[in-house]
Amino acid sequence: GDLVLKETDEYAAANAASASTHLGQVAQGLVHALQRERGLATGVLGGFASYRADLDAARAAVDRARADLADVTTTATSNARSALDQLVDLAAMRAQVDAARIDRSTAFQYFTDRISAFNHVDLGLDLASPDPDPVLRRSTATFQALSNVKEALAAERGVLLGTLGTGRFGRDEYSQFIAARAA
């Protein structure tokens, strides 16, 4: 009886860990797509009309990644669902970008806030019980560190793409650039 119970618990823990790592991978797919859209949106707002086709493709990638994450979050943690819910106004943001009714700094911050929410989704892999898998824990920590570095570089690129068209930093952009560089 005890052996069956132990095996059942280990199977459930392995199954939960597998679902959590899949959630992390799908969430990072959306993060990558949002980072690309952020950079291209700031570039278009900065005067690079030639980025328009790339921006449209990036938006399609965000929409696909968003749908993929919505499928995974049906059983996911509440903060994963909460992060996804922050994209409810994405169409309105895109419309503001398309009509140039928003400044680069505000658009940059909109995407950065949402990316941060997805980068901080609790995957539930740091629970002490049942016995945690130390290899999985280290791999997850490495994955999170890589995600943080990738976001710092993508944020830096996003700010710079917006400023290159005008040749100068706009409102709040220098501080956004410095924050990205310091990360």
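Residues numbered from 1 in each chain as written. Predicted model: local features only at pLDDT ≥ 70, side-chain atom pairs only at ≥ 80, totals over all residues. Heavy atoms only, no water.

### Things to note about the packing of helix 2 (residues 52-72) against helix 4 (residues 90-98)
Consideration 1: It is the contact of helix 2 with helix 4, at a shortest axis distance of 13 Å, that shows an interaxial angle of 175°. Judged by the inter-axis angle, helix 2 sits roughly antiparallel to helix 4. Across the interface between the two elements, Arg52, Leu55, Arg59, Val62, Asp63 and Arg66 of helix 2 pack against Leu90, Arg94, Val97 and Asp98 of helix 4.
Consideration 2: Partitioned by chemical class, the residues of the contact of helix 2 with helix 4 number four nonpolar, no polar and six charged. (Axes fitted to C-alpha atoms, helices over the stretch in contact; angles between N-to-C directions. Helix = DSSP H or I, 4+ residues; strand = E, 2+ residues; numbered from the N terminus. Parallel < 35°, antiparallel > 145°, perpendicular 65-115°, else oblique. Contact = heavy atoms within 4.5 Å. Nonpolar A, V, L, I, M, F, W, Y, C, P; charged D, E, K, R; others polar.)

### A short note on the confidence of the model for the protein chain
Consideration 1: Of the residues in the protein chain, 80% reach a pLDDT of 70 or more, and the chain-wide mean stands at 82.
Consideration 2: Taken element by element, the protein chain is modelled with least confidence in helix 7 (residues 173-182), mean pLDDT 73, and with most confidence in helix 4, mean pLDDT 98. (pLDDT = per-residue confidence, 0-100.)

### A closer look at the packing of aromatic side chains
Consideration 1: Enumeration over the complete set of coordinates arrives at two aromatic pairs.
Consideration 2: With centroids separated by 5.0 Å and ring planes inclined at 20°, the aromatic side chains of phenylalanine 48 and tyrosine 51 adopt a geometry described as stacked.
Consideration 3: Given a relative accessible area of 24%, phenylalanine 48 falls into the partly exposed group.
Consideration 4: With a centroid separation of 5.3 Å and an interplanar angle of 90°, the aromatic rings of tyrosine 110 and phenylalanine 111 are classed as edge-to-face.
Consideration 5: In this structure tyrosine 110 comes out as buried when scored by relative accessible area, which is 7%.
Consideration 6: Residue phenylalanine 111 is classed as buried on the basis of its relative accessible area, which comes to 2%. (Phe/Tyr/Trp six-rings, centres within 6.5 Å; stacked < 30°, edge-to-face > 60°. Buried < 20%, exposed > 50% of the residue type's maximum accessible area, 1.4 Å probe, protein only.)

### Section: the pattern of salt bridges
Consideration 1: As enumerated under the stated definition, the model contains eight salt bridges in all.
Consideration 2: Where glutamate 37 meets arginine 94, a salt bridge forms, and the shortest distance between an N and an O atom there is 2.9 Å. Placement of glutamate 37 in helix 1 (residues 2-45) and of arginine 94 in helix 4 is noted, with a sequence separation of 57 residues between them.
Consideration 3: Taking relative accessible area as the criterion, glutamate 37 reaches 0% and is therefore assigned buried.
Consideration 4: Here aspartate 98 ties to arginine 59 by a salt bridge, and the two come within 2.9 Å at their closest N and O atoms. Taken as a pair, aspartate 98 in helix 4 and arginine 59 in helix 2 lie far apart in primary sequence, 39 residues in all.
Consideration 5: Exposure remark for aspartate 98: the relative accessible area of 41% places this residue in the partly exposed category.
Consideration 6: Arginine 59 sits in the buried class, given a relative accessible area of 9%. (Salt bridge = Lys/Arg side-chain N within 4 Å of Asp/Glu carboxyl O.)

### Re the side chain of threonine 112
Consideration 1: Examined against the element boundaries, threonine 112 turns out to sit in helix 5 (residues 104-119).
Consideration 2: For threonine 112, the residues in contact, after removing those within four places along its chain, are Arg38 and Glu151.

### Notes on the side chain of serine 105
Consideration 1: The topology assignment puts serine 105 in helix 5.
Consideration 2: Classification of serine 105 by relative accessible area gives buried; the value is 5%.
Consideration 3: Those residues within four positions of serine 105 in sequence are excluded, and the remaining contacts are Arg171, Asp172, Glu173 and Gln176.

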